[in-house]
Amino acid sequence: MVKARGRRVKKKDDDAVNLEAVDENNDTLTKEMDSEPKEEQVFFGLVDTNELTYFRQAEQTLNINTFSNVEERALFINSVFQEAKGKELKLVTNQIGSKLMERLIFECTLKHMHQLFNVFNGRFYELSRHKFSSHVMESFLVRCASLIEKEILSNGYDQADYEDVDEEESEGWVSMENMFLFIINDFKSHVKKMIKDKYASHVLRLALLVMTGKELPSAVESNSILRSKKSKIARKTIDLKDSEDHKRKFQVPTSFKDELSELLKTVTKNETTEKIRELAIDSVASPVIQLLIQLEGIVDKDRTIWRMIFNGDDENADPKDREKEGAYVEFLLSNNVGSHFLQNAIANQKTKSVERIYSSYMRDRIEKLARRETTGVYVVEAMMGKLKSKQQQEILDKLIPIMNELMINNIDLGSKVIDCSINNNDYRKVEIVQKLLEFFSKGSKEFDLFENILMLSVSTLHSFKDDWPTAEERRRSLLFEKLIEYDTGKILHIAVQNLLDLDDLTLIKFCKHGVFSHIVESILKMRDHLSIPERKNILNKLLGQGSNNLVELSCHSTGSHIVDKFWMFTFKLNMIKERIARALLENKDTIKDTIYGRMVWKNWNMELYCRKFNDWKWNIKEEEKVWEEEKKLKEAAEAEKLEESSNVRVKDAKRIHQGDDEKSNKRRRGRGRK
């Protein structure tokens, strides 16, 4: 899968690499690509001005959704489809019309799908290449996936699907499965062109996801694998939201596997290693190749595309081929698109193949690659999550000494190192924590992690414009949350003290901030690692004098989550729990006036508190008993885990000692023979 990531283009003299062989191949292939004739866009005509006014109003009506019921909306959609009959191709290639067609497709019936299919049939490739109709094609494929699953589950269609359909109209209809196969067959003869087309490549990727029953991504979210950076911005401005068919998986028939196999063969047919490698580093084609590498294992055990790119996996590979592969991997590690490709390709590849790339081209220069802030470091991070435990520890051994230097321009590396350490039983945890504290203390003996990690003084926390949290704030907040959970011995208590040191106004803003509030929630989750006095201090600070803070947080979209966490955090502090419940009851009208306040009221079981106070208290005692039992089981499991790890260390020490004894005995025997 393609992961959304921004990279600054930065050149360093010490990272310059000599790749003459790769450059020569690239120049040759670029000339070949430039010499290919460019296809012209097919023109289907313009929509009449009066008709366009009607369709614009129809799109706005669907967007505002002022219909009194579902039936009324369905009748309106049907009337718009009738009005659009014969004009579908003009509409989908028009900016306003394409928005309308997308909204209609999200809610269209089987009859409407066949109406559109009859118009689009034979033109799917042409429509996929158009700036506006390509989005309509994506919506059409998503709707196809939903109806295909319905067809599978019901073994056909319900009679309700044919209620408003005449026999003449339904004559010649094909199943949804066959409809999708018609689309794929249209794509198949043009698949190599689609891979390199800036619009059709998005449609092809979505078609591949539908074929394999993978989760269909959001069409508008910033981390969607279908959207480029420009497309994400454009999609946000048109106020078009996902349908219920997005962000979920659908069942698909077995025939789709055969089609996927045929499609993969078409991609590699008559292609050389050099051409496939060229596609892998092309900014448009690379995401498609990444997805093909991820999916080819479903139908191709040999993983043909991967082996064409990295032909060194073959034991009988020619030394010259290995030399070319080495130059190509070096290019990937120093190129923005190439490193992105390699990062995502190895995440979905066999561990054996990834280990070969690591040992052949990366093991001896991890430090140098990690210093490539916009390229190689992302591949190193991917290796940390893919390799075996021993190799992950090798990478940690090389990164930890220079971690603070690397984090200056790549703070995400801290999170990756922590994750890798956790996966290896907290490997070198003490050193990692010490390094991070040194980095964020900035030479001061006092640890103000809230300021040094989150940079509160220049954040949106004090903004008067209601700015959205920035991506940098999200990254820093996630790192802080991970640190709190990672080190409950020192960093957690420093974070608690920093929280208590905030003034009341800043604290309330902090709890209502869309990103920083999660840090407060993380601290509240660490209840079992905090003493009773610490928990009391936190609660008293957050609740403040009177009930104003509690009411303000309860009625806020973000702050209400913190009030919900108070329920678990006040275990064994029943006086404070009852104090919170009384404050909620005293401000019942204000709290129940908002949707967030009503959720707090429900989660605190306040209806039972009002009517049967003793039952409310009894429930608390029962929950505390369960908590005590769970805590004992958890402690027993941790003790068993520690014992197992200590036994492993003892065995390793004995094995090393025996090895040393054998070596010394051999040396003695050698001296005796002399």
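These numbers come from a predicted model, not from an experiment.

Rules used throughout
- Within each chain, residues carry numbers counting from 1 in the order of the written sequence.
- Local features in this predicted model are restricted to residues whose pLDDT is 70 or higher, and side-chain atom pairs enter the listing and the counts only when it is 80 or higher, whereas totals over whole chains, interfaces and linings include all residues.
- Hydrogens and waters are ignored; side-chain quantities use all the structure's heavy atoms.
- For helices, the axis comes from a line fit to the C-alpha atoms of the stretch in contact; other axes are also lines fit to C-alpha atoms, and the angle between any two N-to-C directions lies between 0 and 180 degrees.
- Runs of E in the DSSP output that reach at least two residues are strands. Runs of H or I that reach at least four are helices, and both are numbered from the N terminus.
- Roughly parallel here means an angle under 35 degrees, roughly antiparallel means over 145, roughly perpendicular means 65 to 115, and every remaining angle is called oblique.
- Note: crossing handedness is left-handed where the near helix turns anticlockwise from the far helix by less than a right angle, and right-handed where it turns clockwise.
- In what follows, residue pairs with any heavy atoms lying within 4.5 Å of each other are defined as contacts.
- Working definition: rings of Phe, Tyr and Trp (its six-membered ring) pair if their centres are within 6.5 Å, and the pair is stacked with planes under 30 degrees apart, edge-to-face with planes over 60 apart, and tilted otherwise.
- Working definition: with a 1.4 Å probe on protein chains only, accessible area under 20% of the residue-type maximum means buried, over 50% means exposed, and in between means partly exposed.
- Definition used for salt bridges: Asp or Glu carboxyl oxygen within 4 Å of a side-chain nitrogen of Lys or Arg.
- Expected helix span is taken as 1.5 Å per residue step, with the number of steps being one fewer than the number of residues.
- Here, nonpolar core means buried Ala, Val, Leu, Ile, Met, Phe, Trp, Tyr and Cys residues that are tied together by side-chain atoms lying within 4.5 Å of each other.
- What makes a patch is a set of residues exposed beyond 30% relative accessible area and free of salt bridges, joined within 9 Å when like-charged and within 5 Å when nonpolar (Val, Leu, Ile, Met, Phe, Trp, Tyr).
- Note on areas: Shrake-Rupley with a 1.4 Å probe; residue coverage comes only from the protein chains shown.
- By the criterion applied in these results, polar contacts are pairs of N or O atoms within 3.5 Å in which, for protein atoms, one can donate a hydrogen and the other can accept it, and in which residues neighboring in sequence qualify only through two side-chain atoms.
- Ten residues, namely Ala, Val, Leu, Ile, Met, Phe, Trp, Tyr, Cys and Pro, are considered nonpolar, four, namely Asp, Glu, Lys and Arg, are considered charged, and the remaining ones, Gly among them, are considered polar.

Student: Talk me through the packing of helix α6 (residues 110-120) against helix α10 (residues 176-188); I want residue IDs and the actual numbers.
Tutor: How two helices sit against one another is set out by the angle between their axes and by the gap between those axes. Contact geometry of α6 with α10 gives a least axis separation of 12 Å together with a crossing angle of 25°. When the interaxial angle is binned, α6 and α10 end up roughly parallel. Crossing of α6 against α10: the hand is left-handed. Counted together, Leu110, Met113, His114 and Phe117 of α6 and Met176, Met179 and Phe182 of α10 form the full contact between these two elements.

Student: An account of the packing of aromatic side chains is requested, with residue identities and associated values reported.
Tutor: On inspection of all chains with the given rule, the structure shows 20 aromatic pairs. Judged by centre distance (5.5 Å) and plane angle (90°), the ring pair of Phe450 and Phe480 falls under edge-to-face. Residue Phe450 is found in helix α27 (residues 449-454), and its partner Phe480 is found in helix α28 (residues 471-486); the two are separated by 30 residues along the sequence. Of the two residues, Phe450 and Phe480, neither departs from the other in class, the shared state being buried. Pairing Phe571 with Trp627 gives two aromatic rings, centres 6.0 Å apart and planes at 70°, and the pair type is edge-to-face. Taken together, the residues Phe571 in the loop between α34 (559-569) and α35 (574-586) and Trp627 in helix α39 (residues 613-673) connect sequence positions 56 residues apart. On the accessibility criterion, Phe571 (2% relative accessible area) is buried.

Student: Describe helix α31 (residues 517-525), and please don't skip the residues or the numbers.
Tutor: Spacing of three or four residues puts side chains on the same side of an α-helix, whose turn is 3.6 residues. By the criterion of burial, α31 is predominantly enclosed, with 7 of the 9 residues buried. Taken together, the buried positions of α31 are occupied by Ser517, Ile519, Val520, Glu521, Ser522, Ile523 and Leu524. Looking at the buried residues of α31, the elements they touch are α27, α28, α29 (491-501), α30 (504-512), α32 (532-543) and α34.

Student: If you had to explain the pattern of salt bridges to someone new, which residues and values would you point to?
Tutor: For the structure shown, the criterion picks out 27 salt bridges. In this structure, Lys188 engages Glu259 in a salt bridge whose closest nitrogen and oxygen atoms are separated by 3.0 Å. Linking Lys188 in helix α10 with Glu259 in helix α14 (residues 255-268), this pair joins segments that are 71 residues apart in sequence. Assessed through its relative accessible area of 15%, Glu259 is described here as buried. Across the pair Glu330 and Arg372 runs a salt bridge whose closest N-O atoms are separated by 3.1 Å. Of this pair, Glu330 sits in helix α18 (residues 319-334) while Arg372 sits in the loop between α21 (366-370) and α22 (376-386); the two residues are 42 residues apart in sequence, bridging distant segments of the chain. Arg372 shares its class with Glu330; the two are buried. Within this structure, Glu330, Arg365 and Arg372 form a network of salt bridges that share partners.

Student: Requested: an account of unusual backbone geometry, with residues and values cited.
Tutor: Excluding glycine, most residues fall at negative phi; most peptide bonds, likewise, are trans. A positive phi is found at Asn65, a non-glycine position, where the angle reads about 60°. With respect to the helices and strands, Asn65 occurs in the loop between α2 (49-64) and α3 (70-84).

Student: Any details on helix α25 (residues 412-423)? Residues and values, ideally.
Tutor: Its 12 residues place the ends of α25 17 Å apart at the C-alpha level, agreeing with the 16 Å of an ideal helix rising 1.5 Å per residue. Among all positions of α25, only Leu413, Gly414, Ser415, Val417, Ile418, Cys420 and Ser421 are buried. Those residues of α25 that are buried are in contact with α22, α23 (389-399), α24 (403-406), α26 (429-441) and α28. Asn425 sits one or two positions beyond α25 and adopts a positive phi of about 55°.

Student: Please set out the environment of Gln294 residue by residue, giving values where relevant.
Tutor: Mapped onto the elements, Gln294 comes out in helix α16 (residues 286-295). For Gln294, a relative accessible area of 17% corresponds to the buried category. Separated by 54 residues in sequence, Gln294 and Asn348 place their C-alpha atoms 5.4 Å apart.

Student: Tell me about the nonpolar core, residues and numbers included.
Tutor: One finds Phe140, Ile309, Met362, Phe510, Phe566 and Trp604 to be the most contacted residues of the largest nonpolar core, which totals 180 residues. Setting aside residues no more than four positions away along its own chain, Trp604 makes contact with Val563, Asp564, Phe566, Trp567, Thr570, Lys577, Ile580, Ala581, Leu584 and Trp616.

Student: Tell me about a nonpolar patch on the surface, and name the residues and values.
Tutor: Among the surface-exposed residues, Ile595, Tyr596 and Met599 lie close enough to one another that they form a single nonpolar patch of about 290 Å² accessible area. Looking at where Met599 falls in the secondary structure, it is placed in helix α37 (residues 595-603). Under the relative-accessibility criterion, Met599 is labelled partly exposed at 43%.

Student: Break down the side chain of Glu330 for me, with residues and values.
Tutor: According to the relative accessible area criterion, Glu330 is buried, its value standing at 14%. A distance of 3.1 Å separates the side chain of Glu330 from the side chain of Arg372, its partner in a polar contact.

Student: Describe the environment of Gln497, with residues and values.
Tutor: Here Gln497 is to be found in helix α29. Classification of Gln497 as partly exposed rests on a relative accessible area of 42%. For the pair formed by Gln497 and Asp448, sequence separation is 49 residues and the distance between their alpha carbons is 9.0 Å.

Student: Which residues make up the packing of α16 against helix α19 (residues 336-347), and what are the values?
Tutor: Here α16 crosses α19 at 15°, and the two axes come no closer than 9 Å. The orientation of α16 with respect to α19, classified from their angle, is roughly parallel. Crossing of α16 against α19: the hand is right-handed. Of α19, the residues touching α16 (which contributes Ser286, Ile289, Gln290 and Ile293) are Val337, His340, Phe341, Asn344 and Ala345. When grouped by side-chain class, the residues that make up the contact of α16 with α19 number 5 nonpolar, 4 polar and no charged.

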